[in-house]
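Summary of the model geometry
Chain by chain, the residues:
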Amino acid sequence: MRDLEPEEFAGIELIRARFLETARIFDFSMMEPSPIESLATMEAKSGPAIRDEIYLFRDKGDREVALRFDFTVGLTRYVASKKSLRMPVKLATFGSVFRYDEPQKGRYRHFHQWNVEVYGQTDVESEAEVIEFTARLFEALGLVVTIDISHRKLVESRIAASFGSADSVLVADVLRAIDKTAKKSRSEILREFTARGYDAARLEEVLDFSSVVGTPMEVAERADVSELEAWDHIVDLFYALESRGVGNARVNLAVVRGLDYYSGTVMEVFGADPAIGALAGGGRYDGLAQAFGHTDFGAVGVAGGVERILLAMREMKAVPQPEISAVSVLYTERAVRGDAVRLVSALRRAGLPVSLDLAGRSLKKQMTAASRSRFAVIVGPAEIRKGKVVLRDMKKRTERPVTAEELQRTLLHLLRT
Ligand code: HAM
């Protein structure tokens, strides 16, 4: 797993701040589910195949447990266990998740997700709420994205119609074929699936269907959708998004999502560079509460990959430099270091971010280190004797002597405006 170095950490903190603010505006309550779940809980949600993708171990009590690979499992377990909660419940969380993935660009074993879920509603509005949230968060981060939306039942009913069977193994297999179109050529997929006994013409029909992208109207013109299950739902969802001013969503029938538990609307968010992979993904998963022994309740949510979003922001040059102290205090010689330390301590108590050389370096080296600060304060014996220090504006390249009191007042004023 990776160490998070200062530059990356600063970027993660920036995304966290925008996320917290957007969650507050949309009235989500922040919480954090447990970092460890029992294996049984994870399998209930995601099927036994999840074993290969998670950090799984036996604890000292000989229980099979795993590090959380997302927040949806824990949040749903929590909501299902709290019988007293009044639905709908809107929860948000931000933190580390762990997956036994093969590390590569944009794919890590330890990464961060922001996540929102709406529980207790099965209607289009709760989906529109989650999608609008996603649109606003990416806006706040300065990223232009496309929100691709589909519906599991829509694609499943197309598969059933083409193959003349709704057998769940067949449907899941063909969904996997659709999922592969993002990474593999059509001929490769056809070769692989015909070798396994699938009819090429039927598979091609489904792949043609899944390649349709656009507004609901454009999709209805290009594909025979109106008779399929859930098409009305998609149309209603896009009306709801329109009234919420979400203009960057489109129907993309190739979005199927890897995780098993989705039951309806599914979504994936992409930035300008598709090579980074999806920046966020989610959807409706109404059946999951049952897996926790609860009567069914509606559930829809979305999670974003923070490190991938950061990669996208870097490519757009939308990440500020990590913060450095706005003020650097320098001393011209060792004899006045004590004065400098006392001054720094007073400024910090006043709430100003101040750095001070701890290594006893020369003034020249201190000045180089301070070059990215907004202000430098130079403490020298001649000024100290007059009860003053020199305040230097590093941008304007101007300087003037000030008393300690004046310094504090000026800095508080200049740094807050
Ligand atoms: P997910 O698509 O597995 O969905 O993950 C969400 C996002 O996390 C992805 O779109 C991607 O940006 C990021 N991500 C996934 N794997 C990695 C990785 N190995 N390294 C870096 N980033 C990664 C979920 O986790 C669902 N729980 C979303 C959800 C919420 N569904 C309903 N509610």
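Preceding this section is the structure that the text describes.
In this report, the structure presented in the accompanying data block is examined. Keep in mind it's a predicted model, so treat the numbers as computed, not measured.

Conventions we followed
- Per chain, residue numbering runs from 1 following the sequence as it is written.
- Given that this is a predicted model, residues contribute local features only at a pLDDT of at least 70 and side-chain atom pairs are listed and counted only at 80 or more, while totals for whole chains, interfaces and linings are drawn from all residues.
- With hydrogens and water set aside, each side-chain value is computed from the structure's full complement of heavy atoms.
- The rule for a residue being near a molecule or strand is that one of its heavy atoms must lie within 4 Å of it.
- What qualifies as a polar contact is a pair of N or O atoms within 3.5 Å, subject to a donor-acceptor requirement within protein and to the restriction that residues adjacent in sequence count only when both atoms come from side chains.
- For accessible areas, the Shrake-Rupley method is used with a probe of radius 1.4 Å. Any residue's cover is judged against the shown protein chains and nothing else.
- Two kinds of site are reported from a 1 Å grid over the protein atoms alone, namely cavities, where a 1.4 Å probe fits but cannot get out, and pockets, open sets with protein on both sides within 12 Å along at least five of seven lines, and residues are called lining when an atom falls within 4 Å of a point.
- Grid points are joined across faces, edges and corners, and a volume is the space filled by probe spheres set on the points.
- Put simply, DSSP H or I for four residues or longer makes a helix, DSSP E for two residues or longer makes a strand, and each gets a number counted from the N terminus.
- Residue type decides the class: Asp, Glu, Lys and Arg count as charged, Ala, Val, Leu, Ile, Met, Phe, Trp, Tyr, Cys and Pro as nonpolar, and the leftover types, Gly among them, as polar.
- Axis lines are fitted through C-alpha atoms, for helices just across the contact stretch, and the angle between N-to-C directions can take any value from 0 to 180 degrees.
- Small angles under 35 degrees read as roughly parallel and large ones over 145 as roughly antiparallel, with 65 to 115 read as roughly perpendicular and the rest as oblique.
- Each crossing gets its hand from how the near helix is turned against the far one by less than a right angle, where anticlockwise is left-handed and clockwise is right-handed.
- Contacts are assigned to residue pairs that have any heavy atoms within 4.5 Å of one another.
- Strand pairing requires that DSSP identify at least two bridges connecting the strands.

Quick word on the site of the ligand
Not every one of the 26 residues close to the ligand is listed here, only the nearest: Asp70, Thr72, Asp101, Tyr262 and Ala278. Here an oxygen atom of the ligand sits 3.0 Å away from a polar atom, N or O, in the side chain of arginine 257. In the environment of the ligand, a nitrogen atom lies 3.5 Å from a nitrogen or oxygen atom belonging to the backbone of valine 302. Relative to its unbound accessible area of 650 Å², the ligand is 95% covered by the protein chains.

A look at the layout of surface pockets
Reported here for the second largest pocket is a volume of approximately 270 Å³. Thr215, Pro216, Met217, Val235, Phe238, Tyr239, Leu241, Glu242, Val246, Gly247 and Ala249 together form the lining of the second largest pocket. Broken down by secondary-structure element, the contributors of at least two residues to the lining of the second largest pocket are α9 (216-222) and α10 (231-243). Class assignment for the residues of the lining of the second largest pocket results in eight nonpolar, two polar and one charged.

Overview of the packing of helix α6 (residues 168-180) against helix α7 (residues 186-195)
In the contact formed by α6 and α7, the axes pass within 10 Å of each other and the chain directions differ by 160°. The angle between α6 and α7 falls in the class roughly antiparallel. Crossing of α6 over α7 shows right-handed handedness. Every residue of α7 that contacts α6 at Asp173, Ala177 and Lys180 is listed here: Ile189, Glu192 and Phe193. Of the residues in the contact of α6 with α7, the class split is three nonpolar, no polar and three charged.

What to know about the sheet that holds strand β6 (residues 110-119)
Spatial strand order, β1-β5-β6-β12-β11-β10-β7-β9-β8: nine strands in an open sheet with mixed pairing. Bordering the open sheet on either side are β1 (29-30) and β8 (213-214), each of which pairs with just one other strand. Pairing of strand β10 (residues 265-270) with strand β11 (residues 280-284), which is carried by four bridges, proceeds in the antiparallel orientation. Residue pairing across strands places methionine 267 opposite glycine 282, the latter belonging to β11. Packing against the sheet, helix α1 (residues 6-25) makes contact with β1, β5 (89-98) and β6, and its axis sits at approximately 170° to β5.

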